[in-house]
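Coordinate analysis (summary)
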Amino acid sequence: MLLFGRLSDLAGWRDRQIDSPFLSVLRVKLAEEDESLGEALAGPGVQVALDQVIVRGDAPLNSATEVAFLPPMSGG
Amino acid sequence: MLLFGRLSDLAGWRDRQIDSPFLSVLRVKLAEEDESLGEALAGPGVQVALDQVIVRGDAPLNSATEVAFLPPMSGG
Amino acid sequence: MSVRLTFEPFDPGALLTEFSKGRAETGAVATFTGIARAEAGATVALELEAYPGFTEAEIGKTADKAKARFGLDDFAILHRVGKIAPGEPVVFVATAARHRRAAFEACDFLMDYLKSKAPFWKKEHGPDGARWVEPRAEDHADLKRWE
Amino acid sequence: MSVRLTFEPFDPGALLTEFSKGRAETGAVATFTGIARAEAGATVALELEAYPGFTEAEIGKTADKAKARFGLDDFAILHRVGKIAPGEPVVFVATAARHRRAAFEACDFLMDYLKSKAPFWKKEHGPDGARWVEPRAEDHADLKRWE
């Protein structure tokens, strides 16, 4: 999974391999490991893309799914 | 003196040396020689520049004055 | 700040390369390139006449006004004269400003002026002969937007 | 029609040379180049992060909409990513249309989108450290003009 912008600065990493059957489960795992990251990922304006498509709510994942957390986009 | 745009097509020339003490006298000379040109030079929207400065009405000329008749400008 | 006429074909890209260099405080460069249209064979060539010296000076007056009005850092205008084949650039305008709104608006304003009021006389050579062109009503309407 | 990202400095003029070639029916080419400002030393470098693939696809969607809305013949967008020094081009947008109003408006619209909503994350490195930048209220106001 991928973190962008301030999220990767906060987590201290940008790209990791984490297996999880659902996006909701992935969120719980990440929050258990790093509470402030878990809060930031659930924060206002943070979107999730699965295989480069924005999704809302929960969704199933498989080991090949590219999960990306996108903080509010600033434009170029 | 110089003619631009459709005026030089009408007159059949673009650049001539004509001595005249006044712009008004020059207009009369040209009209005597070529009536349709004389009318065109007095036509709506035709401006006169003396040494590249637009003038209105009559003005004195000397042998070094560059007289230019400018039909309505079309833009580029 | 430059206003120039040329009888030769030119490359708008080369002008932009030059114009955009060394602008650490400029932020925004807008350009417009007008290209002679073939009009599907209706226009064989465009011929533009200028009054050298007078034409550049008149364009320069309007460009200086635009510089003050829109707060430009710089501008460059190159206008082709003589016979121009379809597909060849006719006019290039570049504007530089701190912010993009000013650069866009000044470029747009200068083009409206150049297309409707600048001292050029335009002849279109078509398959059935040549004719002198007057500005289109649309061009005057475009210019009115800035009053 | 192209949307590309680059980690390397680029010359907007070279892009315009390429884009303006062979356009006998186009008539109008507008471009915009955004340049990183030094802000008199306040900004040492700009850093832009993109999500490769996603970012080009998202920009492409808006560019395709602009093409339909403004009746463009063509567009080209190149956006720099990574660390960008003051004076270096950040973004280049070119639009081609039959008439200049469409080319200008589409270019202006695409810049408003790119500066406020495109998928980039922007960090400014100043003398006192780095900070992530959110879009300015002004940028969102610019974008609202097109609704």
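Residues numbered from 1 in each chain as written. Chains lettered and ligands numbered in written order. Predicted model: local features only at pLDDT ≥ 70, side-chain atom pairs only at ≥ 80, totals over all residues. Heavy atoms only, no water.

Let's shift gears to the environment of Ala28 of chain D. Its location among the elements puts Ala28 of chain D in strand E2 (residues 28–35). Separated by 69 residues in the primary sequence, Ala28 of chain D and Ala97 of chain D place their C-alpha atoms 5.3 Å from one another. (Helix = DSSP H or I, 4+ residues; strand = E, 2+ residues; numbered from the N terminus.)

With that out of the way, let us pick up the packing of helix H2 (residues 54–70) of chain C against helix H3 (residues 100–116) of chain C. All names here are of chain C. Taken N-terminus to C-terminus, the directions of H2 and H3 make an angle of 155 degrees; their axes are 10 Å apart at the nearest point. Accordingly, the angle class assigned to the pair H2 and H3 is roughly antiparallel. Between H2 and H3 lies a crossing of right-handed hand. Listed contacts from H3 to Glu58, Ile59, Thr62, Ala63, Ala66, Arg69 and Phe70 of H2 are Ala102, Glu105, Ala106, Phe109, Leu110, Tyr113 and Leu114. In the contact of H2 with H3, the residues fall into ten nonpolar, one polar and three charged. (Axes fitted to C-alpha atoms, helices over the stretch in contact; angles between N-to-C directions. Parallel < 35°, antiparallel > 145°, perpendicular 65-115°, else oblique. Left-handed = near helix turned anticlockwise from the far one by under 90°. Contact = heavy atoms within 4.5 Å. Nonpolar A, V, L, I, M, F, W, Y, C, P; charged D, E, K, R; others polar.)

Now for the pairing of strand E3 (residues 45–50) of chain C. Residue and element names in this part refer to chain C. Of all six residues making up E3, five are buried, and the element is well covered by its neighbours. One ladder, built from six bridges, connects E3 with strand E7 (residues 120–126); its direction is antiparallel. Bridging across to E7, Leu48 finds its partner in Lys122. Two elements, E3 and strand E5 (residues 82–84), share three bridges in a ladder whose sense is antiparallel. When the bridges of E5 are listed, Glu47 appears paired with Lys83. (Buried < 20%, exposed > 50% of the residue type's maximum accessible area, 1.4 Å probe, protein only. Pairing = 2+ DSSP bridges.)

The accessible area lost on association of the parts is a frequent measure of interface size. With 41 residues of chain C at the interface, the matching set in chain D holds 41 residues. Overall, the association of chain C and chain D removes approximately 3,300 Å² of surface from exposure, summing both partners, and the carbon and sulfur fraction of that is 49%. By the criterion of area lost to chain D, the three top residues of chain C are Arg37, Arg100 and Phe104 of chain C, representing 22% of everything that side buries. Summed over the shared surface of chain C and chain D, the number is six salt bridges. Asp112 of chain C is the salt-bridge partner of Arg101 of chain D, the closest N and O atoms lying 3.1 Å from each other. Counting across the interface, chain C meets chain D through 16 residue pairs in polar contact (both at pLDDT 80 or more). Split by residue class, the side of chain C that touches chain D holds 16 nonpolar, ten polar and 15 charged. Both strand E2 (residues 28–35) of chain C and E2 of chain D contribute to a ladder of seven bridges, which runs antiparallel. The partner of Phe32 of chain C across the bridge, within E2 of chain D, is Ala30 of chain D. (Buried area = accessible area lost by both parts, 1.4 Å probe. Salt bridge = Lys/Arg side-chain N within 4 Å of Asp/Glu carboxyl O. Polar contact = N/O pair within 3.5 Å; in protein donor to acceptor, adjacent residues only side chain to side chain.)

Most contacts, when the three pairs of chains in contact are compared, are made between chains C and D. At no point do chain A and chain B touch; the closest pair of C-alpha atoms across them sits 36 Å apart. In this assembly chain B lies apart from chain D, the nearest approach of their C-alpha atoms being 13 Å.

Now for the side chain of Thr31 of chain C. Here Thr31 of chain C lies in strand E2. Classification of Thr31 of chain C by relative accessible area gives buried; the value is 0%. In this structure the side chain of Thr31 of chain C is engaged in a polar contact, spanning 2.4 Å, whose partner is the side chain of Thr31 of chain D. Ignoring any residue separated from it by four or fewer positions in sequence, one finds Thr31 of chain C in contact with Leu16, Phe92, Val93, Ala94 and Cys107 of chain C together with Leu16, Val29, Ala30 and Thr31 of chain D.

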